[in-house]
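Architecture and fold: a report
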Amino acid sequence: MSEKDPKSEMVTQAGTLDSPAAGAPPAAGAQTQETDSKPVVIQTRALSKVYRDFWGRQKVRALKALDLEGCQGEVLGLLGPNGSGKTTTIKLLLGLLFPSEGEALIFGKSATDVSKNERIGYLPEESYLYRFLNAEETLDFYGRLFDMPAEVRQQRVDELIRLVGLDKARRRQLQEYSKGMTRRIGLAQALINDPDLILLDEPTSGLDPIGTREMKDMILRLKSEGKTVVMCSHLLADVQDVCDRIAILHQGELKELGRVDTLLTVADVTQIRARGLSPECQHEIRDCIARHQGELLEMDNPTTTLEELFLRIVRDSEARPGQRAKVEGQESIARIQG
Amino acid sequence: MVLEHEILPYFQWLLYGADESLGALPRFFLIVLAVALLGLLLGAIVNVARHGLLRGGDRIYGIVATGFRELFSISPRRTWALTSLAMKEAWRRRVVVSLVLYLVILLFASWFLRTDNQEPAKLLLSFVLMATTYLVLGIALLLGAFSLPGDFKSKTIYTVVTKPVRAGEIILGRILGFSLVGTVLLVVMGGCSYIFVIRSLDHRHTIDASSLVRVTDREGTLIGYDGRTSTDAYHHHLLELDTEHNGDSAVTSGHYHRIEGHGEQVRVLEPTGYLRARVPKWGKLRFKDRKGVDKAVGISVGSEWTYRSFIDGGTLAAAIWTFSGIDESIDDYLDKEGLPLGLITRVFRTHKGVIGRPISGAIQLRNPQTGLKSDAITFLAKDAQVDDQFIDRELPDSEGNTIDLYNDLVSDDGELEIWIQCLEQGQYYGYAQADCYIRLPDGSPLWNYVKAYISIWVQMVIVTSIGVTASALVSGPVAMLFTVSFIVLGFFREFFVWIANGPSWGGGPVESLVRLVTQKNVISKLDPGPGTTLIQGIDDVLQFFMQGLAQLLPDFSALSTIGFAAHGYDIPGDLIAQDLTICLGYIVGLSVLGYFLLRTREIAR
């Protein structure tokens, strides 16, 4: 990827959690400024969806006038509680649903245009695959749907099976797969055509921490290859780890849209991380803060995340089988917030 | 055998049709046009009502324009991928169980079939072909109607439609996949059932050589033996053997046996002639009434089915067939010269006569150009039996002069008339056009059997296509009911058309219902009034739609060729070609319809 990491570019941009006017959905124009240097891959204009019953009576308004843009090479997260309209948005982008109002464009084409699918990969929430096929047959089938010649298809199938770590299970029917394996083969089918845009619906759903980490690494890898990723999730940590920008939806409305780092920055709090500070030095820092009329909120040793701890133990266990894991949790990093 | 509609030559059927009807191809295009216009109208109404005039119109235009573009961008590789998937799915759904069921049916069939039947081949062929038809149509129905809804339910369709797959490829792939699975099933069923028929018909007789009666000439020299075989499989054969005990047995129950003598030992070989594929050359039928006046049809003897009409015995009434294209080459395949005729006579008795004794009739040959007629050749007609007659080349005319069949009785343009009369007063012969024919060399019974299976295959593919197309729009059970309705209406298409075309006795559907409820007979008119006007108005509308629907219904009874195979007649190649063309028409038409149905529905609802 030739472009600079957008995260590092946007550190000084304004945009905190409470920055937009309460209740007013942010306009798409606000983020166009941020993204106008790269081609727009997905675009929705006043996209709305109303679910109706057989008689045409309104059952639920799942999405209300969504304006959204996603640019090439970024990871865009759709965040929201259950029923907020994330999956509906993904389905509208894929053409699985028709908009009640507004429109969705992918690569400048209508979402209902089948030809857009040539450049799209989609991982649904539950990896809806044919369970009577094995991994090879599954990928070969989806490869054929892209009209790929046999040699290319075979090569791609081998690559992807290795990539998702299913080499040993390539001949097993999917009905014998664990949830994690099913998600992996689901991801492989989404990547069979080396897509430019990947839509992931709850990509870490049902995965163990290792699988979750691998999935997140995969998303970052795709991003580094210049691909656009749109993912929806209600797991905040996942979104925070991989997304450049997020759109927070609630009850079908866009509540927040912006860069993750900007949104999460608390402007009036300063964080200092240092290693090897003596107690005297720490005391000096406290004094310094007090001298400058600052309020010391916290000064302690940081804790790692449970995910980090778990992954470290597993890796250690794999490196030294049969031995008790060696936990290195006591790093002397002092963290000061003030 | 019943042949209610003349089988037209393929290209005449395709382009021009019979008298006063359209050829199949222009008719297909007309129906497609009508369905397209109707679909467009309905789509426009729904879209305009939902999205307003401009946006609704834009959507309709978009769907139609994209549709036409996508219909011509179908990828064989994608379609084959979906075809293979459908085949694997069918296999996973244990479609092979149907073969086990079929074998069980064959294993226990002999418990229920009457083995003392006079025409065992007809019985067995009808049974296996009918069983195969119903079983395969049932499988096609289930596979076709539940496949796509299954994908919708499991949401596996999401991962398919988000690839660059055209909706038409999904429909076509399903139809082809299930049709290929059905083809494999039919091949296995065909092989099993053929072996079953052959094995069931096989039997042997024995001959006690000491029971044979010596036949001598006037001088007392032995010229042969007469006798009969043992009774096996509920029948025996009369024998006329030469001095070496060689010969053929008489034909009984539609077959005979070759007899071989080995000194005093006489051996009866396997049955011959059970399975036949007679190739008839049909003529045009007309009648003369009891006074000898030309009529298009004979008289009715009260049967509601007007396929056959009758001539009365002991009068000038006659059934006359005119054959064209007759020349000496017709008997080239025989070892004697003459005209091989096949005749099926329905006998209607107004008095009992002698029970079991056939009713006598006469055959005459006539030159339509010169009017020269042969002398009457008498024959005995058994009701509904296929009677193979042979007219010698040299035969007497009505004045006793010897005339030549081909030189004197066939006109310059190759036409020959065959007159048949019933000789017994008070008795009647009934004929339809297909009841008298010139026998051409028999076709291969095995190939005829294969052709019967091809016609079953055609029906299976049509049912599959209807099921898959219906399931693109509605749920599995509804698609199944829809397809079942099509099958039932298709089997009774003629009746349906008769009701739709009215006026029929008892009025249309609503009027008939009113008569049923009020217990009114079908002849008397309903009391005039606004109620009756309303009922008849609704019936007129319903009959209009029924006429439209009738154009779409596949005529399953016409597609079936079981009658040909079971009665031992060759299935005409023209008929098979017509059936295959109809099948292709349904696949194309329903794939396009399915495309639009799938394209206009929300996959994720």
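Residues numbered from 1 in each chain as written. Chains lettered and ligands numbered in written order. Predicted model: local features only at pLDDT ≥ 70, side-chain atom pairs only at ≥ 80, totals over all residues.

The next subject is the overall build of chain A. Each helix and strand in chain A was counted, giving 11 helices and 13 strands. Long-range contacts, defined here as pairs at least 24 residues apart, represent 71% of the contacts in chain A between residues at least 6 apart. (Helix = DSSP H or I, 4+ residues; strand = E, 2+ residues; numbered from the N terminus. Contact = placed C-beta atoms within 7 Å.)

With that settled, the discussion passes to the overall build of chain B. Within chain B, the secondary structure is distributed over 17 helices and 21 strands. Taking the principal axes of its C-alpha atoms as reference, chain B extends roughly 105 × 65 × 55 Å. Across the 605 residues that make up chain B, the buried fraction comes to 36%. Considering only residue pairs separated by 6 or more positions, chain B has 70% of its internal contacts joining residues 24 or more positions apart. (Buried ≥ 20, exposed ≤ 12 C-beta atoms within 10 Å, placed from the backbone.)

The next subject is the nonpolar core. Core analysis: the biggest nonpolar cluster contains 149 residues, and A:Leu199 and A:Ala247 have the highest contact counts within it. By residue number, the principal contributor to this core is helix 6 (residues 120-154) of chain B, which donates 16 residues. Excluding residues within four positions of it along the chain, A:Ala247 makes contact with A:Leu68, A:Leu76, A:Leu78, A:Leu79, A:Leu254 and A:Leu257. By size, the runner-up hydrophobic cluster in this structure holds 35 residues, among which are B:Ile311, B:Ala317, B:Ala318 and B:Ile438. (Core = buried A, V, L, I, M, F, W, Y, C linked by C-beta atoms within 7 Å.)

Moving on, we come to the interface of chain A and chain B. If you look at the interface, chain A gives 25 residues, while chain B gives 23 residues. When contributions to the side of chain A that touches chain B are tallied by element, the ones reaching two or more residues are helix 3 (86-94), strand 6 (120-123) and helix 4 (135-145) of chain A. Broken down by element, the residue count for the side of chain A that touches chain B peaks at four residues, all from helix 4 of chain A. Residues of the side of chain A that touches chain B, tallied by class, amount to 17 nonpolar, three polar and five charged. (Nonpolar A, V, L, I, M, F, W, Y, C, P; charged D, E, K, R; others polar.)

Okay, the environment of B:Leu440 next. Note on placement: B:Leu440 falls in strand 21 (residues 436-440). Residues contacting B:Leu440, with those up to four places away along its chain left out, are B:Val279 and B:Lys281.

Looking now at the domain arrangement of chain B. Partitioning chain B into domains gives domain 1 (1-72), domain 2 (209-272) and domain 3 (280-440). For domain 2 of chain B versus domain 3 of chain B, the separation of C-alpha centres amounts to 33 Å. (Domains from an automatic or database assignment.)

This part covers the pairing of strand 6 of chain A. All names here are of chain A. Covered by surrounding structure in strand 6 are Ile 120 and Tyr 122 together with Gly 121 and Leu 123, the residues of both alternating faces. Pairing of strand 6 with strand 7 (residues 197-201), which is carried by four bridges, proceeds in the parallel orientation. Bridge pairing links Tyr 122 to Leu 199 in strand 7. (Pairing = 2+ DSSP bridges.)

Here we take up the sheet that holds strand 9 (residues 245-250) of chain A. Residues and elements named next belong to chain A. In spatial order, the strands read 6-7-8-3-9-10; together these six strands make up an open sheet with mixed pairing. Of all strands in the sheet, those with a lone pairing partner are strand 6 and strand 10 (253-259), marking the two edges. Across the sheet, the axes of successive neighbouring strands diverge by a mean angle of 15°, strand direction being ignored. Against the sheet, helix 3 contacts strand 3 (75-79), strand 6, strand 7, strand 8 (228-233) and strand 9, and its axis sits at roughly 145° relative to strand 7. (Axes fitted to C-alpha atoms, helices over the stretch in contact; angles between N-to-C directions.)

Here the focus is the sheet that holds strand 2 (residues 222-228) of chain B. Residue and element names in this part refer to chain B. One open sheet accounts for three strands, arranged 1-2-3; its pairing is antiparallel. Every other strand in the sheet has two partners, leaving strand 1 (213-216) and strand 3 (238-241) as the edge strands with one partner each. Averaged over neighbouring strand pairs, the angle between their axes works out to 25° when direction is ignored. Across four bridges, the pairing between strand 2 and strand 3 is antiparallel. The partner of Arg 228 across the bridge, within strand 3, is Leu 238.

Residues and elements named next belong to chain B. The geometry of helix 6 relative to helix 8 (residues 167-201) is characterised by a closest axis approach of 10 Å and an angle of 160° between their N-to-C directions. Considering the angle they form, helix 6 stands roughly antiparallel to helix 8. Taken as a pair, helix 6 and helix 8 cross one another with a handedness that is right-handed. Its residues placed into classes, the contact of helix 6 with helix 8 shows 17 nonpolar, six polar and one charged. (Parallel < 35°, antiparallel > 145°, perpendicular 65-115°, else oblique. Left-handed = near helix turned anticlockwise from the far one by under 90°.)

Another point: the confidence of the model for chain B. Averaged over every residue, the pLDDT of chain B is 90; residues scoring 70 or more account for 99%. Of the two predicted TM-score estimates for the complex, the pTM is 0.85 and the ipTM is 0.80. (pLDDT = per-residue confidence, 0-100.)

On to the packing of helix 4 of chain A against helix 4 (residues 76-92) of chain B, then. Contact geometry for helix 4 of chain A and helix 4 of chain B: axes closest at 7 Å, N-to-C directions at 145°. Note on element contacts: helix 4 of chain B touches helix 4 of chain A through B:Arg77, B:Arg78, B:Ala81 and B:Leu85, opposite A:Phe141, A:Arg144 and A:Leu145. Among the residues making up the contact of helix 4 of chain A with helix 4 of chain B, the classes are represented as four nonpolar, no polar and three charged.

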